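Below, each chain spelled out in residue letters.
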Amino acid sequence: MDQADLELNPPRDRLNIVFFIMVLHGIGSLMPWNMFITAKNYFVNYKLSKDYTGINTNYATNFLTWLGFAAQIPNLLFNWLNVFIQFGGNLTTRIVWGIFVQVLIFVCTVILAMTDTSAWPGVFFWITMVSVVVLNTANGIYQNSVYGMVAKLPAKYTGAVILGANVSGTFSALINFLAQYMAPNARTAAIYYFITALFVLLASFDTYFALPINRFYRYNELLNQKGINKRQLENSARGKNDTPPYWKIFRQCFPQCFNTFLVFFVTLALFPSVQSDIKNSDPNFIVPPEYYSTVMCFLTFNICALIGSTIASLIQWPSKKYLIIPVVLRILYIPLFLYCNYQPNHTTRVLPVYINNDWVYFVIAVTMAISSGYFSSLSMMYCPRTVDSQYSATAAMFGAASLITGIFTGLLFSMVMSTLVGYYI
């Protein structure tokens, strides 16, 4: 009777509840990465500093490099494996366990923040790295499964997850700032900061179980299941195997996977490594030098990427066929940023600075961030729609894996940017 009522009276997403739940899961899907990167001051300038440990170590110097590899390698590996091997069974099991493991790791991180580790900085460093590996392994499975879940819904809900992912960076930076401002010391600030991540993950956990209660979500699940059942009957009549034809699905969704990969590759090649090292050209610019990187890099990118994702929920242009054109053109941002006043540490710049106007650089930074949020949302929204509905979840997982691949390769490529403008000293 419930199914018949849903089919006769298709429900709407009242108050956009399901949309905002997907935004929340988007925030949670990038929470581990953003939380640990944004907490650089806590790890480098407090827990691993000479003032705290009493000794000079290389742990603080190489912390972000190690953190990047510890976070992205398992995330990359398990995103791709999760497409073919359903770790832990169905989507519900993977999402629930993925969130649960992340909650446990953040609890351990809070305990470490409360513990005096000054006598064993090396042990603290490696415990942190192992926790990051476990955290991002669980997050890789969770993130990939979220895109599989949202593929059952209309295209704008995939955009909601991307929107949340872009909100995540701004949210983490804001919470970090508030924790530092309100707390009396670095230790207390870190405790407040990581507890906030716990609340976000627990909220994601709770809202996932609230989805089956929502009529709009049940209706779309019903439509998706009916499509799957219909094709399974057709396949059984024809004697076909129920195993998804992965190669066929990948070939069909490859253009959008490539678009997703390239958008994130260009973005992560420039943000934050290159963009945070671009200095002001005019000392009298409206943004003071001490706040230049914070405002012109982190704040500008996160807000504008959020705007781009929001626009994608309202306007979808260009079409799937032509999206590759503006995505490929975004490669031009790499030389544009390098020709700005990019001054990497320990590097003597040889490449001339052609863009020495702060307002011109600001426009370039704004358009790069907006296009990143907009085109990444479009490609992820298009990806599940390039295959038969029964394979949309698998195609969405391919898209999520391409996203992580773009992030990982972009981070790797960002390491050679300084050598493109000068030489190390």
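Here, the structure is the one placed above.
Described in the following lines is the structure provided in the data block. (Residues numbered from 1 in each chain as written. Predicted model: local features only at pLDDT ≥ 70, side-chain atom pairs only at ≥ 80, totals over all residues. Heavy atoms only, no water.)

Digging into the state of the cysteines
Selection criterion: Disulfide: a pair of cysteine sulfur atoms within 2.5 Å of each other. The buried label applies to any residue whose accessible area, calculated with a 1.4 Å probe on protein chains only, is under 20% of its type's maximum; exposed applies above 50%, and partly exposed to all values in between.
For the structure shown, the criterion picks out 0 disulfides. In this model Cys-297 remains outside any disulfide bridge; the closest cysteine sulfur is found in Cys-304, 12 Å from its own. Note on Cys-297: relative accessible area 0%, which makes it buried.

With respect to unusual backbone geometry
The condition is simple: Numbering of helices and strands runs from the N terminus, with a helix taken as a DSSP run of H or I at least four residues long and a strand as a DSSP run of E at least two residues long.
Note the cis peptide between Trp-317 and Pro-318, where omega equals 0°. By the element assignment, Pro-318 lies in the loop between helix 13 (292–314) and helix 14 (324–329). Of note in this structure, Leu-15 is not a glycine but carries a positive phi near 60°. Structurally, the position occupied by Leu-15 is in the loop between helix 1 (2–8) and helix 2 (17–29). Judged by relative accessible area, Leu-15 falls into the exposed class, the value being 75%.

Concerning the packing of helix 13 against helix 16 (residues 358–382)
Threshold: Only the stretch in contact is used when fitting a helix axis, every axis being a line fitted to C-alpha atoms; angles between N-to-C directions are given from 0 to 180 degrees. In this scheme the handedness of a crossing depends on how the near helix is turned from the far one: anticlockwise by less than a right angle means left-handed, clockwise means right-handed. Any residue that is not Ala, Val, Leu, Ile, Met, Phe, Trp, Tyr, Cys, Pro, Asp, Glu, Lys or Arg is counted as polar, Gly included; the first ten are nonpolar and the last four charged.
At a closest axis distance of 7 Å, the pairing of helix 13 and helix 16 adopts a crossing angle of 35°. The way helix 13 lies across helix 16 gives a crossing that is right-handed. The residue makeup of the contact of helix 13 with helix 16, split by class, is 17 nonpolar, 6 polar and 1 charged.

Some words on the side chain of Asp-358
Cut-off, in case you're wondering: As used throughout, the charge tally considers Lys and Arg to be positive and Asp and Glu to be negative, leaving His and the chain termini uncounted. Here, a salt bridge means any side-chain nitrogen of Lys or Arg that lies within 4 Å of a carboxyl oxygen of Asp or Glu. Contacts were defined at the residue level, with two residues in contact if any of their heavy atoms lie within 4.5 Å.
Along the chain, Asp-358 turns up in helix 16. Despite being buried, Asp-358 has no salt bridge partner; Lys-279 is the closest side chain of opposite charge, sitting 12 Å away. Among all residues touching Asp-358, those that are not within four sequence positions of it are Lys-279, Asn-280, Ser-281, Asp-282, Phe-285, Tyr-292 and Met-296.

Examining empty space enclosed by the protein
Stated precisely, the cut-off is as follows: Think of a 1 Å grid over just the protein atoms. A cavity is a set of points where a 1.4 Å probe fits yet cannot get out, a pocket is an open set with protein on both sides within 12 Å along at least five of seven lines, and lining residues have an atom within 4 Å of a point. Grid points are joined across faces, edges and corners, and a volume is the space filled by probe spheres set on the points.
What the rule picks out here adds up to 2 cavities of 30 Å³ or more. In this structure, the largest cavity spans a volume of roughly 40 Å³. Lining the largest cavity, in full, are Phe-36, Tyr-42, Phe-43, Thr-109, Leu-112, Phe-124, Thr-128 and Ser-131. Elements with a minimum of two residues in the lining of the largest cavity: helix 4 (40–47), helix 7 (91–114) and helix 8 (121–150). Considering every element that reaches the lining of the largest cavity, the biggest residue donor is helix 8, with 3 residues. Here the lining of the largest cavity is built from residues that sort into 5 nonpolar, 3 polar and no charged. Volume-wise, the second largest cavity comes out at about 30 Å³. Counting only elements with at least two residues in the lining of the second largest cavity, the list comes to helix 8 and helix 9 (155–182). Among the residues making up the lining of the second largest cavity, the classes are represented as 6 nonpolar, 2 polar and no charged.

Thoughts on helix 13
Threshold: Expected helix span is taken as 1.5 Å per residue step, with the number of steps being one fewer than the number of residues. Axes are fitted to the seven residues ending at a residue and to the seven starting at it; the angle between these axes is taken as the bend at that residue.
Taking 1.5 Å per residue as the helical rise, helix 13 with its 23 residues ought to reach 33 Å, and the 32 Å between its terminal C-alpha atoms agrees with that figure. Of all the bends in helix 13, the largest measures some 35° and sits at Thr-300. Inspection of helix 13 places Tyr-292, Met-296, Cys-297, Thr-300, Phe-301, Asn-302, Cys-304, Ala-305, Gly-308, Ser-309, Ala-312 and Ser-313 among the buried residues, and these make up the whole buried set. Residues of helix 13 that are buried make contact with helix 2, helix 9, helix 12 (246–270) and helix 16.

Considering the side chain of Ser-172
Within the secondary structure, Ser-172 sits in helix 9. Excluding residues that lie within four positions of it along the chain, Ser-172 makes contacts with Met-31, Asn-34, Met-35, Thr-38 and Tyr-193.

Describing the packing of aromatic side chains
Short version of the rule: Geometry of aromatic contacts follows a simple scheme: Phe, Tyr and Trp rings, the Trp one being its six-membered ring, pair when their centres are within 6.5 Å, and the pair is stacked under 30 degrees between planes, edge-to-face over 60, tilted otherwise. Both a distance and an angle decide whether a charge sits over a ring: NZ of Lys or CZ of Arg must be within 6 Å of the ring centre and within 35 degrees of the ring normal.
All told, the structure shown has 38 aromatic pairs when counted by the stated rule. When the ring of Phe-84 is compared with that of Tyr-246, the centres are 4.9 Å apart and the planes differ by 65°; the resulting orientation is edge-to-face. Linking Phe-84 in helix 6 (residues 63–84) with Tyr-246 in helix 12, this pair joins segments that are 162 residues apart in sequence. For Phe-84, a relative accessible area of 41% puts it in the partly exposed group. Measuring from centroid to centroid gives 5.2 Å for Phe-250 and Phe-398, while their planes differ by 50°, and the two rings are tilted. With Phe-250 in helix 12 and Phe-398 in helix 17 (residues 392–414), the pair connects residues that are 148 residues apart, well separated along the chain. Its guanidinium or amino end placed over the ring of Phe-124, Lys-47 lies 5.3 Å from that ring's centre, counting from NZ or CZ.

Section: a nonpolar patch on the surface
Definition in use: Patch membership requires more than 30% relative accessible area and the absence of a salt bridge. Residues of like charge join within 9 Å; the nonpolar side chains Val, Leu, Ile, Met, Phe, Trp and Tyr join within 5 Å. Accessible surface area values rest on a Shrake-Rupley calculation with a 1.4 Å probe, where residue burial reflects the displayed protein chains alone.
Side chains of Leu-299, Ile-303, Ile-307, Ile-311, Leu-314, Ile-315 and Trp-317 sit close together on the surface and give an oily, nonpolar patch of about 710 Å² of accessible area. Inspection of the secondary structure puts Trp-317 in the loop between helix 13 and helix 14.

These values are about where atoms sit, not about what they do.
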